[in-house]
Amino acid sequence: MKRAFPILAVLSAILLGYATYQGLVVAPTEQTMGNVQRIFYYHVPSAWTAFLLFFINFIASIRFLIQDNEEADRIGNWVAIGVAVLVSIGAYVYKPLPKDIQPSAIATTGIAIAGIYFLIRHFFSDQGTDILALTTAEVGVVFCSIVLVTGPLWARPVWGIWWTWDIRLTSTLVLWLIYVSYLMLRKFSSSGQTPKLAAALAVFGALDMPLVYFSIWFFRTQHPQPVMGGGGSIDPRMLKTLLINWLAFLFYGSLICAYRYRLERLQRDLEETQALEAMLEPKGAR
Amino acid sequence: MNYLYAAYAIVWIIHLAYLGRLVNRTSRVERDIDKLSRNP
């Protein structure tokens, strides 16, 4: 990873540069909003990336809480399979679903939940799950901060106000605050139980995610309707630019997560060695 | 147009600030590891 990192970083920079060029120059200008609509190419991909990272944090936190208990681990596997099956079937059978929500989007989400669960179960164990949870929360907060900054910068010229206490905006701010408190808990608490407490907080905090995501369907809100999976329409060139930007941010986000993951591992190894050294040092040597 | 440039600039300020913090922390940790391995 250490050797491949500079190459991947250069690739990421090229991809981000290309995506920005697409967003600022190539994508057509929106007729009503004008150029300010181009903020959308940074705002929406950042929101999607933040959601994905918080979601991985949620699954990693669950894994961290149950991984040491065989019975809980087995139940966890069946719950993940059950979620995938029930959500996939339910999406097509449950009729009161708002007609804007496409069943395929819900079914894909159900399968993705199980997929991410088993990927984390397979590739991460012990400390790895905890480090993954910490990493994704931290990088997720960075992306969520961008969402909260770019949103008002778009809203001011379009709505005439910086902010409104609307359900979508407020629940996003609450989500950001939950994960900031998660990071503060991890930074300032020295108890040995901190990772478990933080994991429990992350599991409860994740309950805000469906509220943020579905708020625009279930509540009257000023926030624009979704452009994908929600029946909204978008110019194909704009959609292409949006997806290129998401790909670029996803690539960059993954790279930053890998870098942060390695840093946390090094930090923990160092602290362990220093603690061991302090224990082995003869009394009065200092 | 100003709002657009402000948004794009702020996004990169946030990303670069975070990246800078990570690089700083990594070099500090690597320095400490290096020190530790030189004086076992």
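Before reading further, recall that the structure is shown in the block above.
Described in the following lines is the structure provided in the data block. (Residues numbered from 1 in each chain as written. Chains lettered and ligands numbered in written order. Predicted model: local features only at pLDDT ≥ 70, side-chain atom pairs only at ≥ 80, totals over all residues. Heavy atoms only, no water.)

### As for helix H6 (residues 167-188) of chain A
One full turn of an α-helix is made of 3.6 residues, so residues set three or four places apart face in the same direction. Residue and element names in this part refer to chain A. Basically, it comes down to this: Labels follow the DSSP assignment, with helices taken as runs of H or I lasting at least four residues and strands as runs of E lasting at least two, numbered in each case from the N terminus. By this rule the span expected of a helix is its residue count minus one, scaled by 1.5 Å. For the exposure calls, accessible area comes from a 1.4 Å probe over protein chains only, and a residue counts as buried if that area is under 20% of its type's maximum, exposed if over 50%, partly exposed in between. Contact definition: two residues touch when any of their heavy atoms are within 4.5 Å.
Across its 22 residues, H6 extends 31 Å between first and last C-alpha, which sits within 8% of the 32 Å expected from 1.5 Å per residue. Restricting attention to buried positions, one finds in H6 the residues Arg168, Leu169, Ser171, Thr172, Leu175, Ile178, Tyr179, Val180, Tyr182, Leu183 and Arg186. Here the buried face of H6 lies against helix H2 (40-66), helix H5 (127-159), helix H7 (194-205), helix H8 (208-218) and helix H9 (236-280).

### Here we look at the interface of chain B and chain A
Rules: Simply put, the buried area is the total loss of 1.4 Å probe accessible area from both parts when two parts are fitted together. Between Lys or Arg on one side and Asp or Glu on the other, a salt bridge is scored when a side-chain nitrogen of the former is within 4 Å of a carboxyl oxygen of the latter. Any pair of nitrogen or oxygen atoms within 3.5 Å is treated as a polar contact; in protein, a donor-acceptor pairing is required on top of that, and neighbouring residues in sequence qualify only through side-chain atoms on both sides.
Contacts between chain B and chain A engage 24 residues on the former and 36 residues on the latter. Taken together, the two surfaces of chain B and chain A that pack against each other cover about 2,900 Å², and 75% of this comes from carbon and sulfur. Here chain B is connected to chain A by two salt bridges. One salt bridge connects Glu30 of chain B with Arg262 of chain A, and the closest N-O pair in it is separated by 2.8 Å. The tally of links between chain B and chain A comes to six residue pairs in polar contact (both at pLDDT 80 or more).

### Some remarks on the nonpolar core
All names here are of chain A. Let me state the cut-off plainly: As used here, the term nonpolar core means buried Ala, Val, Leu, Ile, Met, Phe, Trp, Tyr and Cys residues forming a set that is joined through side-chain atoms within 4.5 Å.
Counting residues in hydrophobic clusters, the biggest one holds 72 residues, and the most contacted among them are Phe54, Tyr179 and Met209. When residues no more than four places from it in sequence are discounted, the contact partners of Tyr179 are Phe54, Asn57, Ala137, Val141, Ala202, Gly205, Ala206 and Met209. Core analysis: the second largest hydrophobic core is formed by five residues, Ala91, Ile101, Ala107 and Trp217 among them.

### Regarding the packing of aromatic side chains
Cut-off, in case you're wondering: Any two of the Phe, Tyr and Trp rings considered here, Trp counted by its six-membered ring, make a pair once their centres fall within 6.5 Å; the pair's planes then place it as stacked at under 30 degrees, edge-to-face at over 60, or tilted in between.
Inspection of every chain in the model, using the stated rule, returns 17 aromatic pairs over all chains. Between Tyr42 of chain A and Phe249 of chain A, the ring centres sit 5.1 Å apart and the planes meet at 85 degrees, which makes this aromatic pair edge-to-face. Pair noted here: Tyr42 of chain A is in helix H2 and Phe249 of chain A is in helix H9, with a separation of 207 residues, a long-range link. With respect to class, Tyr42 of chain A is no different from Phe249 of chain A; both count as buried. Pairing Tyr42 of chain A with Trp12 of chain B gives two aromatic rings, centres 6.3 Å apart and planes at 75 degrees, and the pair type is edge-to-face. Remark: Trp12 of chain B occurs in helix H1 (residues 2-38) and Tyr42 of chain A occurs in helix H2; the pair is interchain, linking two chains. Among the residues examined, Tyr42 of chain A registers a relative accessible area of 1% and is labelled buried.

### Brief notes about a nonpolar patch on the surface
Our working rule: Patches in this entry comprise residues that are over 30% relatively accessible and not in a salt bridge; like charges within 9 Å are linked, as are nonpolar side chains (Val, Leu, Ile, Met, Phe, Trp, Tyr) within 5 Å. All accessibility values rest on the Shrake-Rupley procedure with a 1.4 Å probe; residue burial counts only the protein chains present in the view.
On the surface, Trp78, Ile81, Val85, Ile89, Tyr92 and Val93 of chain A cluster together to form a nonpolar patch covering roughly 640 Å² of accessible area. For Ile81 of chain A, the location among the structural elements is in helix H3 (residues 70-93).

### Brief notes about the side chain of Gln267 of chain A
Relative to the assigned elements, Gln267 of chain A resides in helix H9. In this structure, Gln267 of chain A is in contact with Arg25 and Val29 of chain B, ignoring residues within four places of it in sequence.

### A look at the pattern of salt bridges
Pairs can form between side chains of opposite charge whenever their charged atoms are close. Residue and element names in this part refer to chain A. Inspection of the entire model under this criterion finds twelve salt bridges over all chains. Taking the shortest distance from any N to any O, the salt bridge between Arg121 and Asp73 comes out at 2.9 Å. Within this pair, whereas Arg121 is found in helix H4 (residues 103-123), its partner Asp73 is found in helix H3, the two being separated by 48 residues in sequence. For the salt bridge of Arg260 with Glu264, the shortest nitrogen-to-oxygen distance reads 3.0 Å. Highlighted residues: Arg260 and Glu264, both in helix H9, separated by four residues, approximately one helical turn. The two residues Arg260 and Glu264 agree in class, both being buried.

### Observations regarding the side chain of Asn245 of chain A
Residue and element names in this part refer to chain A. Within the secondary structure layout, Asn245 lies in helix H9. What makes Asn245 buried here is its relative accessible area of 1%. For Asn245, the residues in contact, after removing those within four places along its chain, are Ala19, Thr20, Gly23, Tyr41, Tyr42 and Pro45.

### What about a positive patch on the surface?
In plain terms, the rule: Charge convention: Lys and Arg are scored as positive, Asp and Glu as negative, and His as well as the terminal groups of each chain are ignored. Taken as the charge location is NZ of Lys, CZ of Arg, CG of Asp or CD of Glu.
A cluster of basic residues, Lys187 of chain A together with Arg28, Arg31 and Lys35 of chain B, forms a positive patch on the protein surface. The element contributing the most residues to the positive patch is H1 of chain B, with three residues. Tracing the backbone shows Lys187 of chain A in helix H6. The class for Lys187 of chain A is exposed, based on a relative accessible area of 62%.

These figures come from the coordinates and say nothing about function on their own.
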